[in-house]
Amino acid sequence: IDAAFDFFDTNKDAELNAEETFAMLEWMGFRDVTARQVLRFFKHADLDSNETISLDEFKQFLYITDVAQIEDTMIDPPDPDDAPAPKGAVELKAEREAMDEERVAHKQEVARLREEQEATVRKAACQWCGGRSEASSEPAKPNPDLT
């Protein structure tokens, strides 16, 4: 497992970044993987959310419990010169930005819906309390739409 991790860690910083992960997945046979799928995979494997995957996170993600037994079965580790180059930096950046925009739009929509719901509740409460407005003890003006 260590040798496989080192093989894909092309910049030798002891961590896999999203681009190295993209290249790894393609090398492993996931030829049609998209930038969005890589980012989702990456999010699940990056257990401490520091935007890199450490060797321990890599092992945990693969659910390897007996690493020694697996390493004993490896005959020859792959040649580091054959490691795939990091891939998809542009696609990953664009997808990150798109996902961030979606997240912001979703939060704005939730806030708008909450405001509408609160206004509806305030209106119903005002009607229930005998037509008094929230801000004063004066009776509120009747609403012709509600009669």
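What you are looking at is a predicted structure, and each value in this text was computed from that prediction instead of being measured. (Residues numbered from 1 in each chain as written. Predicted model: local features only at pLDDT ≥ 70, side-chain atom pairs only at ≥ 80, totals over all residues. Heavy atoms only, no water.)

> Could you clarify how one ought to interpret the overall build of the protein chain in this entry?
Helix and strand counts for the protein chain come out as six helices and two strands. In the protein chain, the order of α-helices and β-strands from amino to carboxyl end is α-β-α-α-β-α-α-α. The buried share among the 147 residues of the protein chain stands at 25%. Counted over contacts in the protein chain with a minimum sequence separation of 6, partners at least 24 positions apart contribute 55%. (Helix = DSSP H or I, 4+ residues; strand = E, 2+ residues; numbered from the N terminus. Buried < 20%, exposed > 50% of the residue type's maximum accessible area, 1.4 Å probe, protein only. Contact = heavy atoms within 4.5 Å.)

> What is the right way to look at helix H2 (residues 18-27) in this model?
Along an α-helix, a turn takes 3.6 residues, which lines up residues three or four apart on a common side. Burial runs high along H2: nine of the 10 residues are buried. Among the residues of H2, those classed as buried are Ala-18, Glu-19, Glu-20, Thr-21, Phe-22, Ala-23, Met-24, Leu-25 and Glu-26. Next to the buried residues of H2 lie helix H1 (2-8), strand E1 (15-16), helix H3 (35-45), strand E2 (53-54), helix H4 (55-61) and helix H6 (89-128). Of the residues flanking the start of H2, the one acting as N-cap is Asn-17, its side-chain oxygen 3.0 Å from the backbone nitrogen of Glu-19. Where H2 ends, the next residue or the one after it, Gly-29, has phi of about 110°, a positive value. (Polar contact = N/O pair within 3.5 Å; in protein donor to acceptor, adjacent residues only side chain to side chain.)

> How should I be thinking about H3 in this particular structure?
Where H3 is concerned, the buried positions are Ala-35, Arg-36, Val-38, Leu-39, Phe-42 and Ala-45. Next to the buried residues of H3 lie E1, H2, E2, H4 and H6.

> Help me understand the pattern of salt bridges, please; the structure alone is not making it clear to me.
Pairs can form between side chains of opposite charge whenever their charged atoms are close. Counted according to the given criterion, the structure contains six salt bridges. In this structure, Glu-102 and Arg-36 form a salt bridge, with 3.0 Å as the shortest nitrogen-oxygen distance. Placement of Glu-102 in helix H6 and of Arg-36 in helix H3 is noted, with a sequence separation of 66 residues between them. (Salt bridge = Lys/Arg side-chain N within 4 Å of Asp/Glu carboxyl O.)

> Just checking my understanding: could you explain the packing of aromatic side chains for this structure?
The description of an aromatic ring pair rests on the distance of the ring centres and on the angle between the ring planes. Tallied over the full model, the rule gives five aromatic pairs. Ring centres of Phe-41 and Phe-61 lie 4.9 Å apart, and the angle between their planes is 80°; on these two criteria the pair is classed as edge-to-face. One end of the pair, Phe-41, is in helix H3; the other, Phe-61, is in helix H4, with 20 residues separating them in the sequence. Among the aromatic residues, those joined into a ring-pair cluster are Phe-7, Phe-8 and Trp-27. (Phe/Tyr/Trp six-rings, centres within 6.5 Å; stacked < 30°, edge-to-face > 60°.)

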